[in-house]
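Residues per chain are reported as follows:
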Amino acid sequence: MTHLMIYGATGYTGRMAAAHAKTMGLPILIAGRDEEPLRALAEELGVDARIFALDETADIDAGLTDVAVLLNCAGPFLHTAEPLMRGALRNGTHYLDIAAELDSYRLAETLEDAAQAAGVMLLPGSGGSVAMLGSLAGFAASHVAEPRKISVALHVTGAMSRGSAISASQNLTTRTMARVDGALVDRDPSGLMDFNFGMGMVACFPVTLPDLITLWRSTGAPDVETFVHVSGTAFPEGDLSDMPDGPTSQERGASRYQASVCVTGADGTAVRAVLDTVNGYSFTPLAAAEAARRIMNGEARPGFQTPAGLFGPGFAETIADTRITLLDTMPAHAET
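Computed from a predicted structure; not experimentally measured.

1. Topic: the packing of aromatic side chains
Then step 1. Within the structure shown, the criterion is met by 4 aromatic pairs.
Then step 2. Taking 5.3 Å as the distance between ring centres and 50 degrees as the angle between the ring planes, the aromatic pair formed by phenylalanine 195 and phenylalanine 227 counts as tilted. Remark: phenylalanine 227 occurs in strand β12 (residues 223-230) and phenylalanine 195 occurs in strand β10 (residues 193-196); sequence separation between them is 32 residues.
Then step 3. On the basis of relative accessibility, which here comes to 1%, the residue phenylalanine 195 falls in the buried class.
Then step 4. Over the aromatic face of tryptophan 216 sits the side chain of arginine 179, whose NZ or CZ is 4.0 Å from the ring centroid.
Then step 5. Here the guanidinium or amino end of arginine 294 rests over the ring plane of phenylalanine 311, the centre of that ring lying 5.1 Å away.

Structural data, given as structure tokens:
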């Protein structure tokens, strides 16, 4: 098997990921269910296209012929992750996606044993906030002897893509969760926490992010809580179908993302660090394409993996203009 397939390549993020992968010289195929836009993009990139929906197992298996690595960019992942993960297992194909939906990661946990047996890697969140926060938390965790608690926040700014808005609306959960002693539990949604994104403290609200799963897997910390600080028009209102595909390159350039973390060790030491990077919609396709390149070159392990666990906490800093900075080390009682 010799090809990288990008499924959902005509979407806002998929198109950028395909262009980056092509620039890297990777042997790519683009795929999806809509023939006309796929044919147009295939001609533009000078690559082959495969048109198949995800309703029939036989169509998926035929589509994955000669595919070594599958990058799923087709959200909402509520509809696409399971048929493509299971198809990847049947066909010995490593699976990546860019999902920010908790259910995709729970599915990967469920399929862990099958993936191990098939020698297939499942890497949801190969780009995007999971790669960012995993790298940031891994960096901070390396500064304590034994990480016990991770409190992490993402600063989301600028406009959201139509696909992300639709995915978010279809995966909206009223449950605010945290990981406590290794288990996912409900938490108080009103429990705000202050984080420093590099310009002073700001209040962040608790949310249920997939990092509740991935940070536990990559660092071993039994307690994980996730927060978000929103500025600008990051969460739109009204008819989502009227939204543009996504922010323009100029809009992305004007809205950088940050993340902040506090990791507390078993001895009470707490370490705070901050990540500053390009806009999330620029970071995600770059990181996903880079992850695919590395996996095509043999950096893969069977089973459910995380970007930071697989590539190390330095992964995010290999993407575009990304910097992770240690803020301070302090006693646990002084944490944010």
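2. Quick look at the nonpolar core
Then step 1. Counting residues in each nonpolar core, the largest one holds 96 residues, and the members touching the most others are Leu4, Ile30, Leu71, Leu122, Ile150 and Val261.
Then step 2. Ranked by the residues each element gives to this core, the list is headed by helix α7 (residues 129-141), at 8 residues.
Then step 3. Ignoring sequence-local partners within four residues, the contact set of isoleucine 30 consists of Ile6, Ala9, Ala18, Leu38, Leu41, Ala42, Leu45, Val47, Asp48, Ala49 and Arg50.

3. Re the sheet that holds strand β1 (residues 3-7)
Then step 1. Here 7 strands make up an open sheet; going across it, the order is β3-β2-β1-β4-β5-β6-β15 and the pairing parallel. Two strands in the sheet have a free side with no partner beyond their single neighbour: β3 (48-51) and β15 (303-304).
Then step 2. Along the sheet, helix α4 (residues 77-91) makes contact with β1, β4 (67-72), β5 (94-97) and β6 (121-123), crossing β5 at roughly 165 degrees.

4. Points about the pairing of β5
Then step 1. Residues His94 and Leu96 point to one face of β5 and Tyr95 and Asp97 to the other, with burial holding for every one of them.
Then step 2. Pairing between β4 and β5: 4 bridges, direction parallel. Pairing of leucine 71 across the sheet is with leucine 96, part of β5.
Then step 3. Bridging between β5 and β6 involves 2 bridges; their strand directions are parallel. Across the sheet, the residue bridging to tyrosine 95 is leucine 122, located in β6.

Criteria and thresholds
- Residues numbered from 1 in each chain as written.
- Predicted model: local features only at pLDDT ≥ 70, side-chain atom pairs only at ≥ 80, totals over all residues.
- Heavy atoms only, no water.
- Phe/Tyr/Trp six-rings, centres within 6.5 Å; stacked < 30°, edge-to-face > 60°.
- Helix = DSSP H or I, 4+ residues; strand = E, 2+ residues; numbered from the N terminus.
- Buried < 20%, exposed > 50% of the residue type's maximum accessible area, 1.4 Å probe, protein only.
- Lys NZ or Arg CZ within 6 Å of the ring centre and 35° of its normal.
- Core = buried A, V, L, I, M, F, W, Y, C linked by side-chain atoms within 4.5 Å.
- Contact = heavy atoms within 4.5 Å.
- Pairing = 2+ DSSP bridges.
- Axes fitted to C-alpha atoms, helices over the stretch in contact; angles between N-to-C directions.

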